[in-house]
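# Analysis of the macromolecular model
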Amino acid sequence: MLGHGVERGEWEEGGGFFGVPLENYLGWFFTVYLFLQMFALFLRHRGDAGADVTPLPKAYYFRAIAMYAAVAVKYPTVYVAGLLRGDSGSVTDAAGHTWWTGDISETATLMSIVTMPS
């Protein structure tokens, strides 16, 4: 899957996670979602395999969904707010390595998007 501005696997502007832009990961995330959604629809129309299962109350599922959503939204919100404000400074760690704060925020956003819905 090639993103905008990609030529032979190289991005012109790069990104915060090892030089790969966030849009590349979002594209892969959406692609996987589509395949999993198609599989879920296939299973739904396959038959009544779970007829003996007693459903849990909706409140049982709502608590988990609300907690995951609250945690998953934090880093993307901070990332977008930083983009809108134009925040991107640099910080230096104890070893003397310089990091861009925009790249750190983008990586945190990527990890939030990829790990929280799992």
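Residues numbered from 1 in each chain as written. Predicted model: local features only at pLDDT ≥ 70, side-chain atom pairs only at ≥ 80, totals over all residues. Heavy atoms only, no water.

Residues at a pLDDT of 70 or more form 84% of the protein chain, whose mean pLDDT is 78. When mean pLDDT is taken per element in the protein chain, helix 1 (residues 22–44) scores highest with 87 and strand 1 (residues 6–7) scores lowest with 52. (pLDDT = per-residue confidence, 0-100. Helix = DSSP H or I, 4+ residues; strand = E, 2+ residues; numbered from the N terminus.)

Further remarks concern the layout of surface pockets. In this model, the second largest pocket occupies a volume close to 220 Å³. Around the second largest pocket, the lining residues are Val-78, Tyr-79, Gly-82, Leu-83, Gly-86, Asp-87, Ser-88, Thr-101, Gly-102, Asp-103, Ser-105 and Glu-106. Secondary-structure elements contributing two or more residues to the lining of the second largest pocket are helix 2 (58–85) and helix 3 (101–115). Looking at the lining of the second largest pocket residue by residue, the class counts come to three nonpolar, six polar and three charged. (1 Å grid on protein atoms, 1.4 Å probe; cavity = no way out; pocket = protein on both sides within 12 Å on 5 of 7 lines; lining within 4 Å. Points joined across faces, edges and corners; volume = space filled by probe spheres on them. Nonpolar A, V, L, I, M, F, W, Y, C, P; charged D, E, K, R; others polar.)

Before going further, it helps to examine helix 3. With 15 residues, helix 3 extends 21 Å from end C-alpha to end C-alpha; this agrees with the ideal 21 Å at 1.5 Å per step. For helix 3, every residue scored as buried is listed here: Gly-102, Ser-105, Glu-106, Thr-107, Thr-109, Leu-110 and Ser-112. The elements touched by buried residues of helix 3 are helix 1, helix 2 and strand 4 (98–100). (Expected span 1.5 Å × (residues − 1). Buried < 20%, exposed > 50% of the residue type's maximum accessible area, 1.4 Å probe, protein only. Contact = heavy atoms within 4.5 Å.)

The description of two packed helices rests on the angle between their axes and on the distance between the axes. The interhelical angle for the contact between helix 2 and helix 3, taken along N-to-C directions, is 150°, at an axis separation of 8 Å. Between helix 2 and helix 3, the interaxial angle falls into the category roughly antiparallel. Here helix 2 and helix 3 pass one another in a crossing that is left-handed. Contacts between helix 2 and helix 3 involve Val-71, Ala-72, Tyr-75, Pro-76, Val-78 and Tyr-79 from the first element and Gly-102, Ser-105, Glu-106, Ala-108, Thr-109, Ser-112 and Ile-113 from the second. Residue composition of the contact of helix 2 with helix 3, by class: eight nonpolar, four polar and one charged. (Axes fitted to C-alpha atoms, helices over the stretch in contact; angles between N-to-C directions. Parallel < 35°, antiparallel > 145°, perpendicular 65-115°, else oblique. Left-handed = near helix turned anticlockwise from the far one by under 90°.)

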